[in-house]
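Residue-level structural notes
Here's the letter readout for the chains.
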Amino acid sequence: PERHIQDMLGVDLGIVNLAFDSEGHAYSGEKIEDTRRRYAHRRRNLQRKQTSSAKRKLRLISGRQARFQKDTNHCISKSIVATAQRSGSAIALEDLHGIRDRVQARRRQRARLHNWPFAQLRAFLSYKARLAGIPVLFVDPRNTSRTCPTCGCVDKRNRPTQATFSCISCNFAGIADYVAAQNIAFRARAVVNPPMGATA
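What counts as what
- Here, residues in each chain are numbered from 1, in the same order as that chain's written sequence.
- Confidence filtering applies because this is a predicted model: local features only for residues at pLDDT of at least 70, side-chain atom pairs given and counted only at 80 or more, and all residues used for totals across whole chains, interfaces and linings.
- Water and hydrogen atoms play no part in the side-chain values, which are based on all heavy atoms of the structure.
- Buried residues of nine kinds, namely Ala, Val, Leu, Ile, Met, Phe, Trp, Tyr and Cys, make up a nonpolar core once their side-chain atoms join them within 4.5 Å.
- Burial classes follow relative accessibility: with a 1.4 Å probe on protein chains only, a residue under 20% of its type's maximum area counts as buried, one over 50% as exposed, and anything between as partly exposed.
- Numbering goes from the N terminus for both helices and strands, where a helix is a DSSP run of H or I of at least four residues and a strand is a run of E of at least two.
- Throughout, a residue-residue contact means that at least one pair of heavy atoms, one from each residue, lies within 4.5 Å.
- Here an axis means a line fitted to C-alpha atoms, over the contact stretch when the element is a helix, while the angle between two N-to-C directions is reported on a 0 to 180 degree scale.
- Each angle is binned into one of four classes, with values under 35 degrees roughly parallel, values over 145 roughly antiparallel, values of 65 to 115 roughly perpendicular, and all other values oblique.
- Crossings are classed by handedness, with left-handed meaning an anticlockwise turn of the near helix from the far one by less than a right angle and right-handed meaning a clockwise turn.

**A look at the nonpolar core**
- In terms of nonpolar packing, the biggest core is built from 27 residues, with Val-11, Ile-80 and Ile-91 touching the most fellow members.
- The greatest single-element share of this core, amounting to eight residues, is contributed by helix H2 (residues 52-87).
- Excluding residues that lie within four positions of it along the chain, Ile-91 makes contacts with Leu-9, Val-11, Ile-80, Val-81, Ala-84, Leu-125, Ala-129, Ile-134, Pro-135, Val-136 and Leu-137.
- Ranked by size, the runner-up nonpolar core spans eight residues in total, among them Met-8, Ala-92, Val-139 and Ile-184.

**As for the environment of Pro-141**
- Of note, Pro-141 is situated in the loop between strand E5 (136-139) and strand E6 (164-166).
- In this structure, the C-alpha to C-alpha distance between Pro-141 and Leu-96, residues 45 residues apart in sequence, is 6.9 Å.

**Side note on the packing of H2 against helix H5 (residues 118-131)**
- At a minimum axis separation of 9 Å, H2 and H5 run at an interaxial angle of 40°. Taken as axis vectors, H2 and H5 run oblique relative to one another. For the pair H2 and H5, the crossing hand works out as right-handed. Counting all contacts with H2, which are made through Gln-69, Lys-70, Asn-73, His-74, Ile-76, Ser-77, Lys-78, Ile-80 and Val-81, the residues of H5 involved are Gln-120, Leu-121, Phe-124, Leu-125, Lys-128 and Ala-129.

Below you can see the structure in the form of structure tokens.
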């Protein structure tokens, strides 16, 4: 049975952090990033060699990498659902179909984006939330990382770097992924509790 929902927990999935929620929790960390870099480096070196032994090692590394990613996604989704349970919140995510085609990222960041199973993370989140009776909502992803949560200004210049947000209108500044998570939560609240006078 679904729980009584008191609020929305917005969750941003992205490049700098694998996930970031609207309560300010980052789900990534130095250990995960170090492991990601190590696997990527070893895969590149083996792919260059093109020998039979290199291909065997590449298959072995691919299997290990897949298990690492699955375990990490399991832990992240479990933590996010636990956070939602504690706060009595539903979970709000961006509708990210086609994220890899739409996201503008630098070359090194593109490699990170393509090298992580975000669909698996979303599936784990949805599955664990359903078991816990927590609704999951999907909202329009447009400009969630470019919109100021304080004044509502929408501008690509609000993102001077991939990791930072700085509003050109009101000077509000913060972590870009945190801002996106807050905006996702705002949009989900608007869907569940539309403004007075709004029509269905």
